[in-house]
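Below are the chains, spelled out letter by letter.
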Amino acid sequence: MASNHLTGIGSESRQLATWYFTFAAIIFGAQLLFGLVSAIQYVMPGFLFEILDFSVARMLHINALIVWMVFAMFGSVYWLLPDETGIETVGIKIGKLLYWVFVAAIVVVILVYLFIQVGPADEMSIWFIHEGREYIEAPRWADFGIVVVALGFVANLFLTGIKGNRSGIVTVLMADMIAFAGLYLCGMFFTDNISMDQYWWWWVIHLWVEATWEVFVGSLAAYGLIQMIGASRKVVEMWLWIEVAMLFGSGILGIGHHYFWIGTPEYWWEIGALFSALEPLPLVAMFIHVMYDWGKQQGKQAASGSEESVVNNKPAFVWFWMNAFGNFLGAGIWGFFHTLPQVNLYTHGTQFTSAHGHLAFFGAYATILIGMMYLAIQGTNGIKVLKNTKASIWAVSLLVGGMMGMTIALTIAGYVQVLVSRAQMGATWAAYFDGQSGMWFAQAMDWRLLMGGVMFIGFLLLIKDLVTTGKNPVHLR
Amino acid sequence: MANKSVWSDNRFWQRSAAWITGFAAVLLIWLTFDTMGQISMGNDADFKNGVTKRVPGPTVINYKITYEMSTKRGHEVPIIGGNDGQGMSLFQEKEKFFGRDDWSEEEAGALLHLGKLGSQTKNCMNCHTLLGNGAYYAPDLTKAWLDPAWGPEGSMQAMTGKDTKEEAMAEFLMHPSTYPTHARMMPDLGITADEAKGLVAFLKHMSSIDTNGFPRNFGKIQGAVHGK
């Protein structure tokens, strides 16, 4: 793509993508900071008590998670659209305007969370402070803002896909993103019936992270393989369609594993167990796919007599590989651990869920979105081969190592909770605290905090590497 | 030479993906209609007619609620107003809630509405779990109403110096840090007396929801094992 006034980026869509990635990285940092505050509170309960309570810190932790990932996802789409469609994104000016609307809304919401925290039990609080529903706490006014921004984004994607060359990847993204945006509407109402509330709440949470987001990741992996190792589009897109079939085929009805205990009928036991047990299969397939294509391309290279790596962006490829494996491990294995109702009766609502949540969000989403940031850095700076640096290797090691350590610690904590608080003592208030005061539990929380700290150092190195890449002479231009 | 196999044809897989996704989505929507019918909130007439709903009406606060084994279903179920011996509710035995057991449908509904709003605006779910969903920093509230700690013999009721479970819970909610039970405390969330009443009604109502036996053995075992 011809270089122009946009400092070599070559397109306004790509420029907007870098804006999205930048804000995403900042919010990623915020997520880690508020996670650390929450982790400290497990170890030292008096820390910031009645100043920044666990409920507030944790709300910021998980909302920042959703926000940075959505930003990085939007950024990824704006980044790949010109490559895939061969044209500039249609309506990019409106896209840029909506970016600033989105950023402004997020900043206001964060300030309200931080400084107002809770309100009286009335509709005004729901509209202007927060809705108090895990992951989608954003107040109602912001819900409408998010819908407008999401519609603008989907319109950009659709108009560009229709006008330009609509590749398989773009086709999947179009179908996926309209579902992604539409599902958000399921979380935008109030009801006195908590069972009804949670039924629809899961339509947003589950059908995002175990269906539409996973398909999104499949599309990014397909795009990344074409870009980074020159994989054949035909093969990659065929795999993508198979993955879509497997992911949606298992993931949509896999929602049943959230309907075991919330007041919903017993038939969800069977449906949830069956379909969610199938959910790891596409994740295995995705991992095999990445390994297969890599081996195939490198093999071709070897056959032509060259020992040179086919990978033109090492750090991005490391993160994409981490995604393929982490998705399988975090979402697949750690999810399968407690997805059968016989097990889930005891693990539901314990640190087991937390262990799975951490590794799955990181393995399935954080990894590939960081990989996309590296692809954008490469494209923005016109780098032919982007190499690993000390900082990039340390960043990936500390982030991944910290996350694994945290996951293992939380799994052990969950194990104590399941045995003591649930199986032995029957889940009361007293049972809960007996589990929490267990030595294994307390030590697990120390380790979790330590490993959170390790992750934060990894994050700082990641940022250092990302911002210094442009000037680093080690990369081939 | 043989023709190209359909198994390596992108169009084939694209169509398969569309059909599978469509089929799964239609099945989910169909099941959703059935579930909506089963989890819609009941009303006062259900209790009079002996109809068991998965999510009973708000006037459930007028009744005694327990959590007992149903031999037919093989797990515990909420029993409202007495057990018929087979694990079904009789809807007869009443229990005073803040001094009354004649809360009308409107009054009880308003109380539950206030309580549900409070549960969201006070951000309960980012420390506690409700129906097992939320954060893991504080105890699960699904059956909190039935927790022996709040009962007449319970430590929590004794601590607040109140005579009834509902008053003790309301008192704690209004001044949580006055009654620390552990180093990890609940913060003061500015909960008013009315809001506390609503929240307790919300908790009592939630304990009457049929959660398919979650949590198992709730409150049955006290001090059986030393947690360390």
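The residue numbers shown here count from 1 along each chain, following its written sequence. For this description, chains carry letters from A and ligands carry numbers from 1, given in the order in which they are written. Only residues with pLDDT of at least 70 get local features here, since the model is predicted, and only at 80 or more are side-chain atom pairs given and counted; chain-wide, interface and lining totals rely on the full set of residues.

## Regarding the overall build of chain B
Operational definition: Here a helix means four or more residues in a row that DSSP labels H or I, a strand means two or more in a row labelled E, and each is numbered from the N terminus. Distance between backbone-placed C-beta atoms decides contact: two residues are in contact if it is within 7 Å.
When helices and strands are counted, chain B shows six helices and four strands. Written out in order from the N terminus, the α and β elements of chain B read α-α-β-β-α-β-β-α-α-α. Principal-axis analysis of the C-alpha atoms places the extent of chain B at approximately 90 × 45 × 40 Å. Of the contacts formed within chain B by residues at least 6 apart in sequence, a portion of 49% connects residues at least 24 apart.

## Topic: the overall build of chain A
The following threshold applies: Here the globule rule is a power law, 2.2 Å times the number of residues to the power 0.38, and the radius of gyration is based on C-alpha atoms. Between the buried cut of 20 or more and the exposed cut of 12 or fewer other C-beta atoms within 10 Å of a residue's own C-beta lies the partly exposed class, and all C-beta atoms are placed from the backbone.
Along chain A, the regular secondary structure elements total 16 helices and zero strands. Here chain A has a C-alpha radius of gyration of 22 Å; the compact-globule value for 477 residues is 23 Å, and the two agree. Expressed as lengths along the three principal axes of its C-alpha atoms, the size of chain A is roughly 65 × 50 × 45 Å. Counting every position in chain A, which comprises 477 residues, the buried fraction comes to 60%. In chain A, of all internal contacts separated by at least 6 residues, the share reaching a separation of at least 24 is 78%.

## A closer look at unusual backbone geometry
Cis geometry marks the peptide bond from B:Phe214 to B:Pro215; its omega dihedral reads -10°. Here B:Pro215 is to be found in the segment after α6 (193–207). With a phi close to 75°, A:Tyr135 is a non-glycine residue in the positive phi region. Checked against the element boundaries, A:Tyr135 lands in the loop between α4 (123–128) and α5 (140–163). On the basis of neighbour counts, which here come to 17 C-beta atoms within 10 Å, the residue A:Tyr135 falls in the partly exposed class. Look at B:Phe91: it is not a glycine, yet its phi comes out positive at around 55°.

## Regarding the pairing of strand β1 (residues 65–70) of chain B
One face of the sheet, then the other: side chains in a regular strand alternate in exactly this way. Residues and elements named next belong to chain B. Spelled out, the test is: By the convention used here, strands pair only if DSSP detects at least 2 bridges between them.
Taken together, the six bridges between β1 and strand β2 (residues 75–80) define a ladder with antiparallel strand orientation. Across the sheet, the residue bridging to Tyr-67 is Pro-78, located in β2. Taking the residues between adjacent antiparallel strands as the criterion, β1 and β2 are bridged by four residues, where Gly-74 takes a positive phi near 75°.

## Here we look at the interface of chain B and chain A
Just so we agree on the cut-off: Lys, Arg, Asp and Glu make up the charged group, whereas Ala, Val, Leu, Ile, Met, Phe, Trp, Tyr, Cys and Pro make up the nonpolar group; the residues left over, Gly among them, are polar.
Contact residues are listed per partner, giving 75 residues for chain B and 71 residues for chain A. Those elements that provide at least two residues to the side of chain B that touches chain A are α1 (10–39), α3 (105–121), β3 (129–130), β4 (133–134) and α6 of chain B. Per element, the largest residue contribution to the side of chain B that touches chain A is 14 residues, and it comes from α1(B). Classifying every residue of the side of chain B that touches chain A by side-chain character gives 36 nonpolar, 27 polar and 12 charged.

## What about α1(B)?
The cut-off we apply is this: Multiplying 1.5 Å by the residue count of a helix minus one yields the expected span of that helix.
Here α1(B) spans 42 Å end to end across 30 residues, near enough to the 44 Å set by a 1.5 Å rise per residue. Those residues of α1(B) not exposed but buried are B:Trp13, B:Gln14, B:Ala17, B:Thr21, B:Ala24, B:Thr35 and B:Ile39. For α1(B), the elements touching its buried residues are α7 (194–229) and α8 (233–254) of chain A.

## Concerning α8(A)
Spacing of three or four residues puts side chains on the same side of an α-helix, whose turn is 3.6 residues. For α8(A), which comprises 22 residues, the first-to-last C-alpha distance of 30 Å matches the rise-based estimate of 32 Å (1.5 Å per residue) to within 8%. Of all 22 residues making up α8(A), 18 are buried, and the element is well covered by its neighbours.

## Some thoughts on the environment of B:Lys220
The residue B:Lys220 is located in the segment after α6 in this model. Separated by 55 residues in sequence, B:Lys220 and B:Lys165 have C-alpha atoms that sit 18 Å apart.

## Let's talk about the environment of A:Trp321
Residues and elements named next belong to chain A. Along the chain, Trp-321 falls in helix α11 (residues 314–337). You can call Trp-321 partly exposed: it has 19 C-beta atoms within 10 Å. Between the alpha carbons of Trp-321 and Phe-158 there is a distance of 29 Å; along the sequence they are 163 residues apart.

## Digging into the packing of helix α2 (residues 54–85) of chain A against helix α3 (residues 92–115) of chain A
Residue and element names in this part refer to chain A. Here is the rule we go by: Lines fitted to C-alpha atoms define the axes here, with helix axes fitted over just the stretch in contact, and angles between the N-to-C directions of these axes take values from 0 to 180 degrees. Oblique is the label for every angle not falling under 35 degrees (roughly parallel), over 145 degrees (roughly antiparallel), or within 65 to 115 degrees (roughly perpendicular).
The contact between α2 and α3 brings their axes to 11 Å, and the two run at 175°. One way to sum up the angle between α2 and α3 is to call them roughly antiparallel. In contact with Val-56, Met-59, Leu-60, Val-67 and Tyr-78 of α2, α3 contributes Gly-95, Ile-106, Ile-110 and Tyr-113. In terms of residue class, the contact of α2 with α3 is built from eight nonpolar, one polar and no charged.

## Examining the environment of B:Leu199
Residue and element names in this part refer to chain B. With respect to the helices and strands, Leu-199 occurs in helix α6. Of the residues examined, Leu-199 has 26 C-beta atoms within 10 Å and is grouped as buried. Residues Leu-199 and Leu-173 lie 26 residues apart in sequence; the distance between their C-alpha atoms is 8.5 Å. For Leu-199, the residues in contact, after removing those within four places along its chain, are Gly-115, Gly-118, Ser-119, Leu-173 and Ile-191.

## Side note on the packing of α5(A) against helix α6 (residues 168–183) of chain A
Residues and elements named next belong to chain A. As a reminder of what qualifies: What makes a crossing left-handed is the near helix being turned counterclockwise from the far one by less than a right angle; a clockwise turn instead makes it right-handed.
Two numbers describe how α5 lies on α6: the axes approach to 10 Å, and their chain directions differ by 160°. Judged by the inter-axis angle, α5 sits roughly antiparallel to α6. The handedness of the crossing between α5 and α6 comes out as left-handed. Residue-level inspection shows Ala-150, Leu-151, Val-154, Leu-157, Phe-158 and Gly-161 of α5 in contact with α6, the latter providing Val-170, Leu-173, Met-174, Met-177, Ile-178 and Ala-181. Looking at the contact of α5 with α6 residue by residue, the class counts come to 11 nonpolar, one polar and no charged.

## Examining the confidence of the model for chain B
Residues and elements named next belong to chain B. As a reminder, the rule being used: Scored from 0 to 100, pLDDT reflects the predictor's confidence in each residue.
The predicted model of chain B has a mean per-residue pLDDT of 94, with 96% of residues at 70 or higher. Under a pLDDT of 50 for its full length, residues 224–228 has, in the predicted model, 13 contacts with residues more than four places off or in other chains. Interface scoring of the predicted complex returns ipTM 0.96; its pTM is 0.96.

## Description of the confidence of the model for chain A
When pLDDT is averaged along chain A, the result is 95, and 98% of the positions lie at 70 or above. The low-confidence segment residues 1–7 of chain A, where pLDDT is below 50, has nine contacts with residues more than four positions distant or belonging to other chains.

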